[in-house]
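Chain by chain, the residues:
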Amino acid sequence: VGLAEVDRIQTEILDILQAEGWDVSGGFTAAISEMAENPRFYFSDSGEGRDQILAEYEALIEEVSGKLESHFLTIPEAPVVVDRVPEFKEKTAPGAYYQIPAFDGSRPGTFYANLWDIKATPKYGMRTLTYHEAIPGHHFQLAIQQEQEDLPFFRRLIPFTAYTEGWALYSERVAWEMGLLEDPYDNIGRLQAELFRAVRLVVDTGIHAMRWSREEAIDYMLANTGMAESDVVSEIERYFVMPGQATAYKVGMLKIMELRERAERELGQKFDVREFHDVVLTSGSMPLDILEEMVLEYIAEKNG
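Calculation criteria
Residue numbering note: each chain is counted from 1, following its sequence as written. pLDDT decides what is reported in this predicted model: residues at 70 or higher carry local features, side-chain atom pairs at 80 or more are listed and counted, and totals for whole chains, interfaces and linings draw on all residues regardless. By convention in this description, side-chain values take in all heavy atoms of the structure and omit both hydrogens and water. One confidence number per residue, pLDDT, is output by the predictor and ranges from 0 to 100. Numbering of helices and strands starts at the N terminus; helices are DSSP runs of H or I of at least 4 residues and strands are runs of E of at least 2. Any carboxyl oxygen of Asp or Glu that lies within 4 Å of a side-chain nitrogen of Lys or Arg is treated as forming a salt bridge with it. With a 1.4 Å probe rolled over the protein chains alone, any residue whose accessible area is under 20% of its type maximum counts as buried; one over 50% counts as exposed, and the rest are partly exposed. Pairs of N or O atoms are called polar contacts if they sit within 3.5 Å, as long as, within protein, a hydrogen donor faces a hydrogen acceptor (for residues adjacent in sequence, only side-chain-to-side-chain pairs). Two residues qualify as a contact provided that any one of their heavy atoms is within 4.5 Å of a heavy atom in the partner residue. Two distance rules govern patches: like charges are joined within 9 Å, and nonpolar side chains (Val, Leu, Ile, Met, Phe, Trp, Tyr) within 5 Å, applied only to residues with over 30% relative accessible area and no salt bridge. Using a 1.4 Å probe, the Shrake-Rupley method yields the accessible areas, and only the shown protein chains count as cover for residues. Paired rings are identified among Phe, Tyr and Trp, the last through its six-membered ring, by centres lying within 6.5 Å, and are further divided according to the angle between planes into stacked (under 30 degrees), edge-to-face (over 60) and tilted (the rest). Definition used: whenever NZ (Lys) or CZ (Arg) falls within 6 Å of the ring centre and also within 35 degrees of the ring normal, the charge is taken to sit over that ring. Throughout, an axis means a line fitted to C-alpha atoms (over the contacting stretch in the case of helices), and angles, computed between N-to-C directions, take values from 0 to 180 degrees. When describing relative orientation, an angle under 35 degrees is termed roughly parallel and one over 145 degrees roughly antiparallel, while 65 to 115 degrees is termed roughly perpendicular and anything else oblique. The handedness criterion is simple: a crossing whose near helix is rotated anticlockwise from the far helix by less than a right angle is left-handed, and one whose near helix is rotated clockwise is right-handed. Each residue is assigned to one class: nonpolar for Ala, Val, Leu, Ile, Met, Phe, Trp, Tyr, Cys and Pro, charged for Asp, Glu, Lys and Arg, and polar for all the others, Gly among them. Pairing between two strands is assigned when DSSP locates at least 2 bridges connecting them.

S.K.: So what's going on with the confidence of the model for the protein? Residues and values would help.
M.R.: Here the protein averages 95 in pLDDT, while 100% of its residues score no lower than 70. Mean pLDDT per element in the protein: helix 9 (residues 229–241) is the minimum at 87, and helix 11 (residues 273–281) is the maximum at 98.

S.K.: How would you summarise the pattern of salt bridges if you had to cite specific residues and measurements?
M.R.: Tallied over the full model, the rule gives 25 salt bridges. As a salt-bridge pair, E194 and K250 come within 3.1 Å of each other at their nearest N and O atoms. Note that E194 is positioned in helix 7 (residues 184–208) and K250 in helix 10 (residues 248–267), a separation of 56 residues in sequence. By relative accessible area, which is 3% here, E194 ends up buried. Across the salt bridge formed by E215 and R214, the nearest N and O atoms sit 3.2 Å from each other.

S.K.: Can you tell me about the side chain of R50, naming the residues and giving the values?
M.R.: With respect to the helices and strands, R50 occurs in helix 3 (residues 47–65). In this structure the side chain of R50 is engaged in a polar contact, spanning 3.0 Å, whose partner is the side chain of D45. The residues contacting R50, other than those within four sequence positions of it, are S44, D45, R84, L115, W116 and I118.

S.K.: Outline a nonpolar patch on the surface, supporting the account with residue identities and numerical values.
M.R.: Together, F103, F153 and L157 make up an exposed nonpolar region whose accessible area comes to about 290 Å². Positionally, F103 belongs in the loop between strand 2 (96–99) and strand 3 (109–113).

S.K.: Lay out the packing of aromatic side chains with the relevant residues and their values.
M.R.: Scanning the model with the defined rule gives ten aromatic pairs in all. For the pair W212 and Y220, a centre-to-centre distance of 5.8 Å together with 55 degrees between the ring planes defines the contact as tilted. A relative accessible area of 17% places Y220 in the buried class. One aromatic cluster is present, built from ring pairs that chain together F72, F140, W167 and Y170. In this arrangement the basic side chain of K119 is found over the ring face of Y42, its NZ or CZ atom lying 5.3 Å from the centre. In this structure, R190 packs its charged tip against the face of W176, placed 4.4 Å from the ring centre.

S.K.: Go over the environment of A263 with me, naming the residues and quoting the values.
M.R.: You can see A263 is positioned in helix 10. Taking relative accessible area as the criterion, A263 reaches 0% and is therefore assigned buried. Excluding residues within four positions of it along the chain, A263 makes contact with G268, F271, F276 and I299.

S.K.: Provide a residue-level description of the packing of helix 6 (residues 161–177) against helix 11, including the pertinent values.
M.R.: Helix packing geometry: the angle between the two helix axes and the distance between the axes. Direction vectors running N to C along helix 6 and helix 11 enclose 160 degrees, while the axes themselves pass 12 Å from each other. Classified by the interaxial angle, the pair formed by helix 6 and helix 11 is roughly antiparallel. In the packing of helix 6 onto helix 11, the handedness of the crossing is left-handed. Taken together, the residues of helix 11 that come into contact with helix 6 (itself represented by Y163, W167, Y170 and V174) are F276, H277, V280 and L281. Partitioning the contact of helix 6 with helix 11 into residue classes produces seven nonpolar, one polar and no charged.

S.K.: Requested: an account of the sheet that holds strand 1 (residues 80–84), with residues and values cited.
M.R.: Pairing in this open sheet of three strands is mixed, and the strands run 1-3-2 from one edge to the other. In this open sheet, the two edge strands, each paired with only one partner strand, are strand 1 and strand 2. Each strand of the sheet is rotated relative to its neighbour by a mean of 20 degrees, with strand direction disregarded. Direction of pairing for strand 1 relative to strand 3: parallel, over a ladder of five bridges. Bridge pairing in strand 3 places V82 opposite F111. Lying over the sheet, helix 4 (residues 123–133) contacts strand 2 and strand 3, oriented at roughly 30 degrees with respect to strand 2.

So, in structure tokens, the structure goes:
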């Protein structure tokens with residue numbers, strides 16, 4: 001599955017680059033590296049540049065917040081804000097993460113952006129990161145879960161990684177469907193984020209099923225993502241000590257996509273993507289087989 005997805009996504013990226021006038025004759029690794037080195041895609045490496053990044057994230061959250069009606073019925077009551085990862089822990093923190101709102105409403109959901117390395121925030125990746133961490137990604141899923149007062153309390157808190165990260169990755173695609181990634185470079189940013197998760201399927205199973213060495217896994221990820229070597233090494237070492245965790249993102253997304261396609265096929269004209277998203281979001285995190293049961297119940301009820 002991973003190899004097939006890597007091939008598909010890389011082909012889509014190369015098609016866009018070629019259409020935009022880039023030389024893709026050297027293959028994916030050379031083309032994506034050339035694009036990543038172009039200074040036009042970065043803010044200045046200064047305090048002012050970092051302030052501009054935060055302001056851009058705020059603007060993107062405001063923009064997507066005004067365009068949700070076509071794809072969503074339930075909107076979380078809790079707001080979401082963007083903040084910088086505290087400087088004392090920037091070097092060891094991930095590129096971005098999300099913190100859920102306080103249960104009593106005293107603190108909003110927060111999308112934390114790591115601004116330590118300016119090259120880790122290319123402009124073409126900012127939209128997709130916003131949609132993943134904030135709206136309609138983690139903030140939607142986790143804040144809505146927290147607000148479901150009819151659920152048992154533990155189900156308003158419990159995490160299931162394949163569901164949670166699967167939703168966030170799927171939501172990047174939903175944002176594209178909503179017309180929020182019209183710029184071809186922004187769409188490359190979306191595809192790169194999905195490619196990263198597809199490569200994880202390959203290297204995780206390579207390591208744990210095929211007995212790849214650390215170096216084999218590093219070499220594959222370097223050649224197929226365009227990521228910096230320092231980032232790749234830390235990722236691969238994480239996969240060695242957390243077997244299977246890296247597969248959760250793409251596996252979760254693929255299951256949500258599969259269930260949506262089944263609902264579209266079996267419901268035909270009765271299908272409403274907003275209702276489907278309600279089914280997925282309003283019962284909290286769950287194992288993927290339980291999610292499948294719930295979607296099949298929805299299909300059966302809708303068909304009478």
